[in-house]
Each structure stands twice: as structure tokens, then as C-alpha cells.
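Here's the letter readout for the chains.
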Amino acid sequence: MMTLASKEEQIVRDYMDEVYQAVLDRNPGETEFHQAVKTTFESLLPVFVKNPVYMEKGVLEQLVEPERIITFRVPWVDDAGKVHVNRGFRVQFNSAIGPYKGGLRFHPSVNVGIVKFLGFEQIFKNSLTGLPIGGGKGGSDFDPKGRSDDEIRRFCQSFMTELANHIGPDKDIPAGDIGVGPREIGYLFGHYKRLKGGFPAGVLTGKGIEYGGSLGRKEATGYGTVYFVQEMLKDVQDSFKDKTVIVSGSGNVAIYAIEKAQEFGANVVACSDSSGFIYDENGIDLDTVKQIKEVNYGRIHEYLDTHPNAEFIEGNENIWTLPCDIALPCATQNELDGEAAATLVKNGVKAVAEGANMPSTEEAIQIFQDGNVLFGPAKAANAGGVAVSALEMSQNSMRLAWTAEEVDEKLHAIMESIYKNAKEAATEYGYEGNFVAGADIAGFLKVANVMIAQGIAD
Ligand code: NDP
């Protein structure tokens, strides 16, 4: 006979299955979005069993449907005079606790499903920071690789010509993501300013320091990821000191994760881009990587031009076969699968934290958890970037600028608090040590309660 507890659990399971089935039916082909929703629902099961009000108020049905999706044409002309047409997106997912906030991604793989998965995750992440920001995300299937500076500028201006109608400092505040760094934010901001007039500093974050950007924003995601790992390690009386670390990617998040891990005494031996990875047993020379990626927009194999003893291995799946103590996937979604996770565990990895969004497949996460690996999920571990973006918004509103030390201190405190909240929520709902569930639950509770308080969920 079914016990009362299991009967209640079964009701919630049936409800979640029904909502999830509707997500599949209404959003065909959006596999990354399905994946993000499914894993989050799994974490939330005990929350719904304990608090039936969320089911009664239909919170889940509303949470999985963006408040608004904007899709638009982005025509632009290349240096040879040829016209190209890309597709632009902005998903304004949830504004319960604040204006929509989330980055813009320029990458050929961008489609509505990718932007929705990122926007959905952003709701929980932003809530976890403790700051008043809702969830959104955007981007385009434009491929910036190999494009001249003039082409990038023309594309950004065309993209902003339409996006400007939908964003604003109190409404929706985009930032960077893959393919959108300080250069692109500069062009986007410059064009918004021409279209709207005045000096609307608060409309974008990740701006240059000279025109309203925050010190420490560039470093925030990578540093934050390392601070999160530091918290996990502290709890088991360990640290970064003398650990061997592998970081995938060599973009904004990867570079500053490497920098902070090195500062904490780790030996970072590998990083990558989409063509392959470099292995330098003496430790990655970060100044060289910065010169290649931040200054020259080059390829990671150019590292060998000045470091002939390092190795370049084409393709990036095998980066996870390198033995390491700590692995930080900081490139893109689903870059670390079950096989890679099993290899990492076999090689004795102690901690894994996601600098990128959803870089580990569901199978990989399961393998880390079964292998008792400390695992920091993206929603918590990479929340430092958006947290400092929110600090940039505060500074813009106050028309002042904090020092790098002040910002870093606040970032550190936010990452400690995210870790504590995720840990406590996990313990309270029977998932001790599971920061995936803890982050989902802590992020969810605040948003769901506010949705109900605002009457949105009636
Ligand atoms: P960048 O564009 O600066 O760097 C991305 C890096 O990942 C590059 O090295 C890139 O290589 C590599 N990469 C991208 N796509 C692929 C792919 N399909 N296969 C292999 N490698 C790939 O982006 P960010 O560092 O800003 O973003 C990295 C991740 O972090 C993303 O998941 C993003 O959503 C997440 N994130 C970023 C935040 C931020 O503040 N920037 C905040 C929170 C999360 P290549 O140059 O060859 O394309």
C-alpha cells in the first residue's frame, strides 16, 4: 500500500511530468531547453511535496513560459559589400524579482532553444545572487570569427537598432556572453546612445571602465567560480594550493578562472578553444593567452609560437583525459559528457565547477555525484559575473565608481553566501552535499514566493 508521503510525492511527480510533457510538446526541437527544465524539476520535487501551494498556484507552468520572446532580422553588409541576414533574439524570461538581466551570445549555434535554456537558468542564478535582477538572455547566430572590426561594428549597430526598442535601464539590461566582450559592448552601447539620446549608462553592463563599467566585472565570472570551489574545498579542509587544474575554453571566463586559481597556488596545465587544447606541464603562461585571445582575437595553438615545449592537441574532447585534481569547464554547453566524467573520476578528480552554462551533461553530473566529487553547478558557480553586473548597475545609478578591491570583496561575499544558501537548502530538502539541487531550490524559492506575492501566479 502506498504511504502518505509517497502518495503526495506521486501527485507531485504526475504534476511535474505533465508540465514537462507540455514543455516538450510546445517547444519541439529545443533540446537544451528541455534538458535545463528537466534537471531543475528533479531538484524541486521535495519542495513541491512540502509546499503544495506552488502546485496549486501553477508556478511551474508559468516559470517555464518566457514572459516575452523577441525575434528579429539583423541585416548587415560585409567588407566586400555583400548583404548578410542574421537572426537576433531576446528572451525576457521572468521579471518577478527585478528587471530582466542576462548576456548576449553571438555564435552560429544560437537559436531560440539555446537562448531559452540560458534565460531559464538565469532566473535561478540571478535569484541566488541575492540581488534584485530577473532572468533574460539574448543573442544572434552571427559568427564573429574571422570578421573584421568594421564588420563587427556594423553587425552590432544593426542588432542594436532593433534591440533598443525592447531594453532599458529599468526594464532589461543585457551584458556579454560567448562572442560578446568589451569591444562588442562598446559598439552596442554607442549605438543605443545615438538612438535614444542622453547617457543611458545603466542599459548594458560589461562596459569599458572609462564610460560607466565596473572595475572587476571582466574578472568576476572566472574569479567567482574559483571562489565557489574554494568554499567547497574549505569544507573538506582542502585548498587550491599545489593542485593540478584543467580549464576548458580560453575566453573571458576561462582566463580569469586561470588567473585566480594560479593566484591561489594551483598549477593550471591546460586550456582550449573550439579547435583544440594546449597542455603545458610547467603551467599555462596566462599573459601569452591574454595576448592571443584578448588582444589579437587569435587561436590557442599560437601559444606554441612562444612556448615550443607545450603541446597542442586538436579537438577538445580529450582535454578531460588529462589527470587533474580540479576541472573547470568554462567553454560551452554539454562539453563534458559521461565518458569524460568517468575518466576524470578514474583519474582522481576532487572538484569540478561549471564556469560555463550547463557544460556537463546529465550523465556527467550523475557520475560526479556517484563518485563523491565536489560539484559546483553553473547556476551557483558562475553567478559572480551577473552579480558584479548588478553592482555595475548600482554604481551607474549612484553615479560613482567603487575600487577594484571593494568590488572583489563584495563578489567574494556574494559567492560565499551563494555557497552557504545552496548548501543549506540542499540539507533542508534531503539532498545533503548536492549543490545542484541546493542551488535550484534556493534560487526557486525566492522567485516562486515573489510570483505568488505579486499575484502573478493566480
Ligand atoms: P568567450 O566568447 O569569451 O569564450 C568562449 C570560449 O569557449 C572560447 O575559448 C571558445 O573558443 C570556446 N568555445 C565556444 N564555443 C565552443 C564550442 N562549441 N566548442 C568548444 N569551445 C567553444 O565566452 P565566455 O568566456 O564569456 O563564456 C564561456 C561560457 O561561460 C559560456 O557558457 C557562457 O554562457 C558562460 N558564462 C559567461 C559569463 C560571462 O560573464 N562572460 C557569465 C556566466 C556564464 P573559440 O574562440 O574557438 O570559439
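Residues numbered from 1 in each chain as written. Predicted model: local features only at pLDDT ≥ 70, side-chain atom pairs only at ≥ 80, totals over all residues. Heavy atoms only, no water.

Asker: Report on the sheet that holds strand β2 (residues 83-94), specifying residues and quantitative values.
Answerer: Pairing is mixed in the open sheet, where 5 strands are placed in the order β1-β2-β4-β3-β5. Strand pairing shows two members of the sheet lacking a second neighbour, β1 (68-77) and β5 (172-175), which therefore form its edges. Neighbour-to-neighbour, the strand axes of the sheet open up by a mean angle of 20 degrees, direction not taken into account. Of the strands in this sheet, β1, β2, β3 (100-106), β4 (134-140) and β5 are in contact with helix α6 (residues 149-163), which crosses β1 at around 145 degrees. (Pairing = 2+ DSSP bridges. Helix = DSSP H or I, 4+ residues; strand = E, 2+ residues; numbered from the N terminus. Axes fitted to C-alpha atoms, helices over the stretch in contact; angles between N-to-C directions. Contact = heavy atoms within 4.5 Å.)

Asker: Just give me the short version of the site of the ligand, but keep the residues and values in it.
Answerer: Asp177, Thr221, Ser274, Arg299 and Asn357 are the nearest of the 26 residues found near the ligand. Between an oxygen atom of the ligand and a side-chain N or O atom of Lys145, the distance comes to 3.0 Å. Gly355 places a polar main-chain atom, nitrogen or oxygen, 3.5 Å from an oxygen atom of the ligand. Relative to its unbound accessible surface of 890 Å², the ligand loses 84% to contact with the protein. Put simply, the parts of the chain that give the shell around the ligand at least two residues each are α8 (217-234), α9 (252-263) and β7 (267-273). Residue composition of the shell around the ligand, by class: 5 nonpolar, 14 polar and 7 charged. (Near = heavy atom within 4 Å. Polar contact = N/O pair within 3.5 Å; in protein donor to acceptor, adjacent residues only side chain to side chain. Areas by Shrake-Rupley, 256 points an atom, 1.4 Å probe, with all protein chains shown as cover. Nonpolar A, V, L, I, M, F, W, Y, C, P; charged D, E, K, R; others polar.)

Asker: Now, about unusual backbone geometry: what can you tell me, with residues and values included?
Answerer: Positive phi is not limited to glycine here, since Gln237 has a value of about 55 degrees. Inspection of the secondary structure assignment puts Gln237 in the loop between α8 and β6 (244-248). Taking relative accessible area as the criterion, Gln237 reaches 71% and is therefore assigned exposed. Positive phi is not limited to glycine here, since Asn334 has a value of about 55 degrees. Among the secondary structure elements, Asn334 is positioned in the loop between β10 (326-329) and α12 (338-346). (Buried < 20%, exposed > 50% of the residue type's maximum accessible area, 1.4 Å probe, protein only.)

Asker: Account for the packing of helix α2 (residues 31-50) against helix α5 (residues 112-128), with residues named and values stated.
Answerer: The geometry of α2 relative to α5 is characterised by a closest axis approach of 7 Å and an angle of 25 degrees between their N-to-C directions. With respect to α5, the axis of α2 lies roughly parallel. Note on element contacts: α5 touches α2 through Gly113, Ile114, Lys116, Phe117, Phe120, Glu121 and Phe124, opposite Glu32, Phe33, Ala36, Val37 and Thr40. Here the contact of α2 with α5 is composed, by residue class, of 7 nonpolar, 2 polar and 3 charged. (Parallel < 35°, antiparallel > 145°, perpendicular 65-115°, else oblique.)

Asker: Hey, could you go over the packing of aromatic side chains for me, with residue numbers and the actual values?
Answerer: Under the defined criterion, the tally for this structure stands at 26 aromatic pairs. With 6.3 Å between their ring centres and 90 degrees between their planes, Phe228 and Phe435 make a pair best called edge-to-face. Of the two residues, Phe228 sits in helix α8 while Phe435 sits in helix α17 (residues 435-453), which places them 207 residues apart along the sequence. By the ring-pair criterion, three or more aromatic residues cluster together here, those being Phe72, Trp76, Phe106, Phe142, Phe155 and Phe159. Stacked on the ring of Tyr223, the Lys or Arg Lys260 has its end atom at 4.4 Å from the ring centre. We note Lys379 situated over the ring of Phe124; from NZ or CZ to the ring centre the distance is 5.1 Å. (Phe/Tyr/Trp six-rings, centres within 6.5 Å; stacked < 30°, edge-to-face > 60°. Lys NZ or Arg CZ within 6 Å of the ring centre and 35° of its normal.)

Asker: Explain a negative patch on the surface to me, and be specific about the residues and the numbers.
Answerer: A contiguous patch of negative charge, built from Asp14, Asp17, Glu18 and Glu61, is present on the exposed surface. No other element matches helix α1 (residues 4-26), which puts 3 residues into the negative patch. Structurally, Asp17 can be placed in helix α1. (Patch = residues over 30% accessible without salt bridge, like charges linked within 9 Å, V, L, I, M, F, W, Y side chains within 5 Å. Salt bridge = Lys/Arg side-chain N within 4 Å of Asp/Glu carboxyl O. Lys, Arg positive; Asp, Glu negative; His and termini not counted. Charge placed at Lys NZ, Arg CZ, Asp CG, Glu CD.)

Asker: Tell me about the sheet that holds β10, residues and numbers included.
Answerer: Strand order in the open sheet formed by 7 strands is β9-β8-β7-β6-β10-β11-β12, and the pairing between neighbours is mixed. The open sheet has two edge strands, β9 (311-314) and β12 (374-376), and neither has a second partner. Taken pair by pair, the neighbouring strands of this sheet meet at an average axis angle of 15 degrees, ignoring direction. Judged from the 4 bridges that link them, β7 and strand β8 (residues 276-279) form a sheet pairing that is antiparallel. Looking at β8, one finds that Asp273 is bridged to Gly276.

Asker: An account of a nonpolar patch on the surface is needed here, citing residue identities and associated values.
Answerer: Judged by side-chain polarity, Val77, Val83 and Val85 come together as a nonpolar surface patch covering roughly 250 Å² of accessible area. Tracing the sequence through the fold places Val77 in strand β1.

Asker: Residue-level account of α8, with values.
Answerer: Between the first and last C-alpha of α8 there are 25 Å, a value that for 18 residues agrees with the 26 Å anticipated at 1.5 Å per step. Its axis deflected by about 30 degrees at Tyr223, α8 carries its strongest bend there. (Expected span 1.5 Å × (residues − 1). Bend = angle between axes of the 7 residues up to and from the residue.)

Asker: Please give an account of helix α15 (residues 384-398) that cites residues and values.
Answerer: Spanning 15 residues, α15 covers 21 Å between terminal C-alpha atoms, matching the ideal 21 Å at 1.5 Å per step. Judged by how many residues are buried, α15 sits mostly within the fold: 12 of 15 residues are covered. Gly384, Gly385, Val386, Ala387, Val388, Ser389, Ala390, Leu391, Glu392, Met393, Gln395 and Asn396 are the residues of α15 that are buried. Buried residues in α15 make contact with β3, α5, β5, α8 and α16 (404-428). Trailing α15 by a residue or two, Arg399 shows a phi angle of about 55 degrees, which is positive.

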